[in-house]
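# Report on the structure
What follows is each chain in one-letter form.
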Amino acid sequence: MRVRDVFSLSGLKYAYIKAGIDGLDNTISSVTVLEVAETREQNWLIEGQLYITSLYAVMNNLEQQLEIFEALIEAKSAGVIICHLDLWLKNIDPRIEELCNKMNFPLIIAKSETTYIEIMNPIILKLMEKTSSGYLDVNHMQNKLIEYVVSKKDVTVIYKTMTDFYRNGKLWFLDIDNKLIYPKYDTEFSSLVTHLFDSRKESQTIDDKRILTVNDKEYIIKFVRSQGIFFGTIIAEIPDNNLEDPHSILDILSRIYKLISTKSSRVSEIEIQRKQEYIGDLITWNFRSDEVAIKIGKDLNWNIQKISQIIVLNINKFQENPSQNLRELERFIENFQFQKTKAILKRENTDNLIGLRSDFIIILLAKQTTEKGDRINRLCTQLLESWDNDLAGNISIGVSNEFSDFRAIPKAYTEAIDAYKFGRKYFGENQYTLFRDLGCFGLLRDFRENQKLTASLENIFQKLKEYDEKNKQDLYNTLSQLISNNMDVDKVADSMFIHKNTVHYRKNKIIDLLGFEPWKMPYLLNTLMVFALEK
């Protein structure tokens, strides 16, 4: 069978050749769906195989799309059929078209509403001279599940379909932490779980499967892996009277499980990325109009019109050593701690919104319809306790003032940032600080923008700075440390690693140069303002 022959089949009746027309005589040896693509290892590619794909796994990465086509051409594949062009991929990168034309590699575009099954089945039947009913049954099931995955059906439906097809007994699907995904709250699984993962239990291992006997029943534990990545586990019961080969069926189910996991992960990544971009636009109000801001939010299931207060939860480790590789910490926060924080916020009010950026979590609190006591103190205490139990590091929490208009989100974000920064410096880490409690310190940002005020303070300690620069001394920093430590000489000596007599000497030198004691009124107010504005 050649590539040009597929246009005569029912599933590709309205398809057209986008590029690589000179490769229409390529021979097709087999056909498959391509959704999970890893170009670094190409053992998943077969010479002469025709690939059907929507490229959803790499739809936002043009470089990876190009890499996939280069790998397919290098493996001498027969060609590619793109499905659901309007659903996932909006257009084809011109570089891919150019490559396909240059290498005579057929790139076919199917009608957007045509399903995978409608394309695959006629090609498979054409390729198979003698097709057994068993093969058709398995193939139909695989195609049906692939179609479910691509068309974003409820994942529970896919698991149920796989379970129904597996006629050898019961099935259980577990995630990477061996938590039960399907069926939920199964009592039989609860009684089996301690036996199934007991390493001392006698078992027979075949490839990625273990055969176990528990209470006179046999079970297969199928570990789902691909390219060194672990996706989860399938546990299958094997009744004594089973008539089908459970191993080959589980192999098919495991491929579908990989598709589900990969797609869920990819969709989740895209959603997180879109929310991160939206958060960036929210805190700077980077929108053409209020209506655009509201609409983009609703596309993400975020209703910003209900928001009345902002909490910023800062992960301090990112500021402590910015050059350090913190990817493992990021993964922990993304996959575990962020989900716990989200659960706390959603329990408090389902309209609360929560977003993750690399070094902080922003919480958009919804307006309360009924008064629930001291809401902010209660929430912040819960958040601190949750993070303190699990995080190897410290956090700081800042809370904005309440507001009634969602357009105040950028101002409230700034208030929350100022609150946590002030709290971290003066109250220590693992604390929360409310902007309303900052008093005049909450106005420092406004003070800094007041040119008349800053000009009046600019030259107060100029003599100290000039003396330090000329004589390689540290008087100005010493004064700062004295103010920060409430004039406690011993603390200053410890923090600066000098003798306390040196601190006394520097105090006297500061008085000599300035002609006044900057730590006493009326000079103290100016001194406090100078150092507060600097920090």
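Right above here is the structure, for reference.
Residues numbered from 1 in each chain as written. Predicted model: local features only at pLDDT ≥ 70, side-chain atom pairs only at ≥ 80, totals over all residues. Heavy atoms only, no water.

Quick look at the sheet that holds strand 4 (residues 79-82) now. Read from one edge to the other, the open sheet built from 5 strands follows the order 1-5-4-3-2, with strand pairing classed as mixed. Edge positions in the open sheet fall to strand 1 (16-19) and strand 2 (30-33), since each of these has one partner strand only. Between one strand axis and the next, the sheet turns by 25 degrees as a mean value, whatever way the strands run. Where strand 1 and strand 5 (residues 107-109) come together, 3 bridges link them in antiparallel fashion. By the bridge assignment, Ile17 is partnered in strand 5 with Ile108. Strands strand 2, strand 3 (49-53) and strand 4 of the sheet are contacted by helix 3 (residues 116-127), whose axis makes an angle of about 160 degrees with strand 2. (Pairing = 2+ DSSP bridges. Helix = DSSP H or I, 4+ residues; strand = E, 2+ residues; numbered from the N terminus. Axes fitted to C-alpha atoms, helices over the stretch in contact; angles between N-to-C directions. Contact = heavy atoms within 4.5 Å.)

Attention now goes to unusual backbone geometry. Glycine aside, negative phi is the norm for most residues, and most peptide bonds take the trans geometry. For the bond from Tyr182 to Pro183, the omega torsion is -10 degrees, close enough to zero to count as cis. Following Met521, the chain continues into Pro522 via a peptide bond in cis, with omega recorded as 10 degrees. Structurally, Pro522 can be placed in the loop between helix 18 (500-514) and helix 19 (523-534). Even without a glycine there, the phi angle at Asn301 is positive, about 65 degrees. Relative to the helices and strands, Asn301 resides in the loop between helix 8 (290-299) and strand 12 (307-315).

Viewed as axis vectors pointing N to C, helix 16 (residues 475-484) and helix 18 meet at an angle of 110 degrees, and their least axial separation amounts to 10 Å. Classified by the angle their axes make, helix 16 and helix 18 are roughly perpendicular. Residues Leu475, Thr478, Leu479 and Leu482 of helix 16 lie in contact with helix 18, whose contacting residues are Val503, Arg506, Lys507, Lys509, Ile510 and Leu513. In terms of residue class, the contact of helix 16 with helix 18 is built from 6 nonpolar, 1 polar and 3 charged. (Parallel < 35°, antiparallel > 145°, perpendicular 65-115°, else oblique. Nonpolar A, V, L, I, M, F, W, Y, C, P; charged D, E, K, R; others polar.)

This paragraph deals with the packing of aromatic side chains. The geometry of two aromatic rings is summed up by the distance between their centres and the angle between their planes. In this structure the tally under the stated criterion is 15 aromatic pairs. Each ring, one from Trp285 and one from Phe287, has its centre 5.2 Å from the other, and the planes form 80 degrees; the classification is edge-to-face. Classification of Phe287 as buried rests on a relative accessible area of 13%. Note on Phe422 and Tyr426: the rings are 4.6 Å apart at their centroids and 40 degrees apart in plane angle, and the pair reads as tilted. Here Phe422 pairs with Tyr426, and both are found in helix 12 (residues 409-426), just 4 residues apart, close to one helical turn. One aromatic cluster is present, formed by Tyr278, Trp285, Phe287, Trp302 and Phe406 through successive ring pairs. When the ring centre of Tyr426 is taken as reference, the NZ or CZ atom of Lys425 above it lies at 5.6 Å. (Phe/Tyr/Trp six-rings, centres within 6.5 Å; stacked < 30°, edge-to-face > 60°. Buried < 20%, exposed > 50% of the residue type's maximum accessible area, 1.4 Å probe, protein only. Lys NZ or Arg CZ within 6 Å of the ring centre and 35° of its normal.)

A complete count under the given rule lists 12 salt bridges for this structure. We note a salt bridge from Arg95 to Glu63, for which the minimum N-O separation is 3.0 Å. Pair noted here: Arg95 is in helix 2 (residues 94-103) and Glu63 is in helix 1 (residues 62-74), with a separation of 32 residues, a long-range link. Its salt-bridge partner being Asp405, residue Arg407 comes within 3.0 Å of it at the nearest N-O pair. Overall, the relative accessible area of 30% leaves Asp405 in the partly exposed class. Several salt bridges share partner residues, and in doing so they unite Glu63, Asp93 and Arg95 into one network. (Salt bridge = Lys/Arg side-chain N within 4 Å of Asp/Glu carboxyl O.)

Attention shifts here to the sheet that holds strand 15 (residues 395-399). Taken together, 5 strands build an open sheet; the order of strands is 13-14-12-15-16 and the sheet is mixed. A single partner strand is all that each edge strand has here, and the edge strands are strand 13 (353-356) and strand 16 (431-434). For this sheet the average axis-to-axis angle between neighbouring strands, irrespective of direction, equals 15 degrees. Each of strand 12, strand 14 (360-366), strand 15 and strand 16 touches helix 12; the most contacted strand, strand 12, lies at about 40 degrees to it.

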